[in-house]
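What the coordinates show
Read off the chains here:
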Amino acid sequence: MTEITLSPRLYAASELVRDGAFVSDVGTDHAYLPIALCLSGKIRGAVASDINKGPIEKARENIEKYGLCTKISTVHTAGLCGIEPFSPDDVLILGMGGELIASIIADAPWVASKDINLCLQPMTHAEDLRRFLIENGFEITDERIVREGDKLYQIILASFTDKKITPYAEEEFYLGRVNIQKRPAELSSLATSIASKLTRRAEGLESTGADTSALRVLIGKIQNYQTQEN
């Protein structure tokens with residue numbers, strides 16, 4: 001038993017983890033990601049945490065099964081509470097809503113360090129998470145758009161900086177500035193999906209007589225990326 005197969009979403013996140021890092025996996029998915037990273041030799045160790053007892057018990061079983069009890073610790077906790085003593089280099093918060101991820105980071109001011117990378121995968125409201133990061137001194141250094149089945153996932157890599165960040169255009173909060181710069185093949189599909197959601201929102205607001213002119217402008221800007229050549 002020498003390897004573990006990760007889903008496309010988790011594999012993409014694993015690629016953003018730094019070699020030799022000590023990782024904190026918040027809301028661990030049965031510890032599959034830290035186990036895979038340890039087995040590959042990419043990281044020196046990890047702490048897997050979850051607010052629910054069930055996933056932690058399953059994580060412990062998996063860690064023991066793969067013989068990694070000396071490499072991976074488990075903590076039954078909310079967010080990053082109690083994780084600071086482990087001094088993680090890379091913090092992974094995957095599979096939660098963007099607003100929840102932002103609140104977890106806000107409740108752990110110690111992660112505002114140039115030495116810590118935040119690898120984040122919001123299930124919803126990626127735009128709100130990006131806005132929170134930029135407004136609180138974090139620079140988004142890399143991004144991924146990952147297709148898994150019929151769903152698209154955004155992965156954001158960020159770290160604290162004292163550099164002045166060029167203000168984001170509204171469409172960059174939704175699509176990701178790095179994604180727009182890199183033009184991955186999935187950008188067009190992501191733009192189509194987001195434009196469709198925002199259009200439904202605009203139609204709902206318009207039915208109440210609300211002014212949606214700014215929202216319609218945003219939708220148009222996002223739609224410009226639906227047919228970009230990659």
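Numbering of residues begins from 1 in every chain and follows the order in which that chain's sequence is written. Under the rules for a predicted model, residues below a pLDDT of 70 receive no local features and side-chain atom pairs below 80 are neither given nor counted, while totals for whole chains, interfaces and linings still include all residues. For side-chain calculations, the full set of non-hydrogen atoms in the structure is used, while hydrogens and water are omitted.

Another point: the pattern of salt bridges. We define a salt bridge as a side-chain nitrogen of Lys or Arg found within 4 Å of a carboxyl oxygen belonging to Asp or Glu. Under the counting rule described, the total for this entry stands at 11 salt bridges. Across the pair Glu-143 and Arg-130 runs a salt bridge whose closest N-O atoms are separated by 2.7 Å. Within this pair, whereas Glu-143 is found in strand β6 (residues 138–148), its partner Arg-130 is found in helix α5 (residues 126–135), the two being separated by 13 residues in sequence. Between Asp-142 and Arg-144 there is a salt bridge whose closest N-O contact spans 3.0 Å. Only DSSP runs of H or I with at least four residues qualify as helices, and only runs of E with at least two residues qualify as strands; both kinds are numbered from the N terminus onward.

Pairing between two strands is assigned when DSSP locates at least 2 bridges connecting them. An order of β3-β2-β1-β4-β5-β7-β6 is seen for the 7 strands of this open sheet, with the pairing classed as mixed. Edge positions in the sheet fall to β3 (72–76) and β6, since each of these pairs with one other strand and no more. The mean angle between the axes of side-by-side strands here comes to 15°, regardless of whether they run parallel or antiparallel. Relative to strand β7 (residues 151–160), strand β5 (residues 117–122) runs antiparallel, the two sharing 3 bridges. Bridging from a neighbouring strand, Cys-119 pairs with Leu-157 of β7. Angles run from 0 to 180 degrees between N-to-C directions of axes, and those axes are lines fitted to C-alpha atoms, restricted for helices to the stretch in contact.

Attention now moves to unusual backbone geometry. Unlike most non-glycine residues, His-30 shows phi in positive territory, near 60°. Tracing the chain through its elements places His-30 in the loop between β1 (22–26) and α2 (32–40).

Our next topic: the packing of helix α4 (residues 98–106) against α5. Packed helices, taken two at a time, are described by their axes: the angle between them and the distance between them. In the contact formed by α4 and α5, the axes pass within 7 Å of each other and the chain directions differ by 25°. Classified by the interaxial angle, the pair formed by α4 and α5 is roughly parallel. In this structure, the crossing between α4 and α5 has a hand that is right-handed. Contacts from Gly-98, Glu-99, Ile-101, Ala-102, Ile-105 and Ala-106 of α4 reach α5 at Asp-128, Leu-129, Phe-132 and Leu-133. All residues other than Ala, Val, Leu, Ile, Met, Phe, Trp, Tyr, Cys, Pro, Asp, Glu, Lys and Arg, Gly among them, are scored as polar; the first ten of these are nonpolar and the last four charged. Counted by class, the contact of α4 with α5 contains 7 nonpolar, 1 polar and 2 charged residues. For classification, angles of less than 35 degrees are called roughly parallel, those exceeding 145 degrees roughly antiparallel, those between 65 and 115 degrees roughly perpendicular, and all remaining angles oblique. Less than a right angle of anticlockwise turn of the near helix away from the far helix marks a crossing as left-handed, whereas a clockwise turn marks it as right-handed. Two residues qualify as a contact provided that any one of their heavy atoms is within 4.5 Å of a heavy atom in the partner residue.

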